[in-house]
Amino acid sequence: MPPTLASLVQHSALKLTVRAGEERLDTPVRWAHASELADPVPYMEGGELLLITALKLDAEDPETMRRYVRRLGQAGVVGLGFAVGVHYETIPDALVDAAAEEGLPLLEVPRRTPFLAISKAVSAAISAEQYQAVTAGFAAQRDLTKQALSDGPAGLLAALAGQVDGWAALYDATGAVAASAPDWAARRAARLTPEVERLHARTPPASLVVGGESDRVELHTLGTSRRPRAALAVGTGAPLGTAERYAVHSAIALLTLTTERSRSLHEAEQRVGAAVLRMLLAGEPEHARTVSGSLYGDLLDAPYRLIIAEAASATAARVHVDGRAAPRGALPARTAPAPHGAVRPADTRRAVAGERAVAAPARADEPPAGPLAALAGHVEAAAARAGEALLIVPDGERLVLLTADDGAAARACVGYAAALDQARATGQAPAGGTDEPVMGLSAPAGPVAAATAYRQAEQALSVARRRGRALVEHEEVATGSVVQLLADDAVRAFADGLLRALREHDATGRGDLVASLRAWLSRHGQWDAAAAELGVHRHTLRYRMRRVEEILGRSLDDPDVRMELWLALKATTGTE
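Just so we're clear, the structure is a prediction, and the values are computed from it rather than from any experiment.

Before going further, it helps to examine the pairing of strand S15 (residues 391–395). With five of its five residues buried, S15 lies for the most part within the structure. By the alternation rule, side chains of S15 split into Leu391, Val393 and Asp395 and Ile392 and Pro394, which are all buried. Hairpin geometry of S15 and strand S16 (residues 398–404) is characterised by an intervening segment of two residues between the two adjacent antiparallel strands and by a positive phi of about 65 degrees at glycine 396.

Bringing the packing of helix H16 (residues 513–522) against helix H18 (residues 538–552) into the picture now. Put simply, H16 and H18 touch, their axes get as near as 10 Å, and they point 110 degrees apart. Overall, the two elements H16 and H18 adopt an arrangement that is roughly perpendicular. Taking contact as the criterion, the partners of Leu513, Ser516, Leu517 and Trp520 in H16 are, on H18, Leu541, Arg544, Met545, Arg547, Val548 and Ile551. For the contact of H16 with H18, the residue count by class is seven nonpolar, one polar and two charged.

Before going further, it helps to examine the pairing of strand S3 (residues 48–52). Burial runs high along S3: five of the five residues are buried. On S3, burial covers both faces: Glu48, Leu50 and Ile52 on one face and Leu49 and Leu51 on the other are all buried. Pairing geometry for strand S2 (residues 31–34) and S3, over four bridges, is parallel. Bridge assignment links tryptophan 31 to a residue of S3, and that residue is glutamate 48. Bridging between S3 and strand S4 (residues 79–83) involves four bridges; their strand directions are parallel. Residue isoleucine 52 lies in a different strand from S4, and its bridge partner there is phenylalanine 82. Handedness of the β-α-β unit built from S3, helix H2 (residues 62–74) and S4 comes out right-handed.

Rules behind the numbers
- Residues numbered from 1 in each chain as written.
- Predicted model: local features only at pLDDT ≥ 70, side-chain atom pairs only at ≥ 80, totals over all residues.
- Heavy atoms only, no water.
- Buried < 20%, exposed > 50% of the residue type's maximum accessible area, 1.4 Å probe, protein only.
- Helix = DSSP H or I, 4+ residues; strand = E, 2+ residues; numbered from the N terminus.
- Pairing = 2+ DSSP bridges.
- Axes fitted to C-alpha atoms, helices over the stretch in contact; angles between N-to-C directions.
- Parallel < 35°, antiparallel > 145°, perpendicular 65-115°, else oblique.
- Contact = heavy atoms within 4.5 Å.
- Nonpolar A, V, L, I, M, F, W, Y, C, P; charged D, E, K, R; others polar.
- Right-handed = clockwise from strand over helix to strand, strands pointing away.

Right, here's the structure in full:
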């Protein structure tokens with residue numbers, strides 16, 4: 001505890017006597033300062049015990065004393081010490097009354113007590129309090145370190161909550177609560193997710209204080225990268241003291257160590273992940289298992305899904321090596337992309353703390369910032385909370401994800417895309433939302449079918465782009481109508497060119513060739529059925545089909561011609 005006026009009054013060597021303001025003696029004293037200025041306020045910072053002899057004051061004038069004491073109170077002076085037996089044998093009544101009226105503690109200092117003795121007493125008490133705080137801080141650091149080593153972040157949070165006499169919570173890279181202490185704090189921490197997301201938008205290290213004096217919460221980012229990997233919340237019923245501040249700073253350092261890995265280890269895992277993906281796509285699952293060891297758990301053995309994500313503005317160019325579609329940079333040996341991370345079930349404590357969050361560093365081989373970074377962080381957090389293995393390979397403007405079939409990571413991708421589609425449908429997409437991720441999701445695949453899964457994800461991604469959707473699963477492509485694939489500008493341009501001559505003929509009023517062609521093709525070339533649908537004689541319909549052949553210069557007996565014409569009609573349905 002810092003020194004107070006009461007502790008100075010109780011100091012046996014000082015012999016101080018209280019003359020006014022007894023009810024405020026528990027006020028802490030930041031320093032003791034002697035001044036004989038008529039107005040010492042410009043030199044005060046607040047929290048001082050001012051020591052005077054009234055050398056330049058008319059201490060017997062009531063109005064002068066009221067103004068003097070009032071200014072001291074407004075400046076934050078916590079007490080006034082008056083030395084008797086120097087210029088005044090006793091404290092003048094005018095000063096005593098003014099101090100009592102203002103509520104400012106007034107202490108009588110006997111002649112044999114020098115001001116220096118009071119200053120020394122205050123300094124010694126402050127030093128003792130600081131030493132106690134530092135000692136308590138080191139003890140807290142030892143305790144927090146012990147808990148972190150034995151019980152991970154959960155144990156550290158429990159110890160920190162006890163140190164600050166409050167609660168503590170850990171958020172992952174997405175702002176979701178990953179752990180809390182005590183258990184009831186999870187509900188309180190969850191209400192702060194919007195503030196955590198706002199904090200994550202700042203450049204680390206960053207902090208934020210929310211709430212009032214009786215419900216004060218400090219939020220701190222964790223991690224050293226440009227994108228925070230996690231955040232710490234500390235809730236207390238009052239501002240933190242020195243010892244509690246030491247404990248919080250120690251917790252931040254320890255949690256940062258648990259969420260950050262050494263750069264060399266991280267880069268090594270990046271190279272391993274790139275090699276694993278190349279081997280899977282090359283049809284060498286056994287080599288991939290050997291190289292990865294236990295890094296990805298049983299991800300390479302169980303059925304998995306392959307997801308390709310890219311920003312909506314990304315180019316549609318693709319790299320093909322030996323006739324096999326591959327992620328850009330994943331197969332060529334000269335450009336080995338870095339896996340964004342591998343969440344290991346055996347190391348969920350670090351993963352839960354947000355270990356795999358996107359750092360978005362300014363390097364070409366690191367994961368990109370923006371929409372893909374947010375997607376990666378969301379998926380990694382979901383996998384970490386579920387203890388799932390996950391492989392993310394950043395590939396230029398793309399992310400290639402390998403997730404467990406029907407696992408938390410795959411569901412997180414689907415949920416993320418559904419939220420984007422909902423935001424677009426309701427007009428709530430954020431500014432710049434046109435560059436949100438677009439994803440293609442493969443069907444479940446085994447270790448030997450990675451290349452097939454990649455092609456499926458590519459096809460689904462292509463359809464997602466054409467349909468303006470955030471995610472398309474390959475099952476939708478395989479089971480849907482081929483007509484949906486015609487919603488492409490290039491296909492429409494081909495269809496318009498193929499049918500233009502027929503439409504120009506119809507525009508002259510000399511017949512209805514387009515409608516007749518559609519009816520004839522829809523009836524599989526059956527003259528009577530098609531003529532009945534059009535309400536014309538079959539000979540009229542035969543004449544119109546001959547005119548179609550003459551105008552197009554192509555025979556309707558050719559099945560390829562009939563197919564092209566039918567698809568052209570379907571592609572332009574609704575645009576005529």
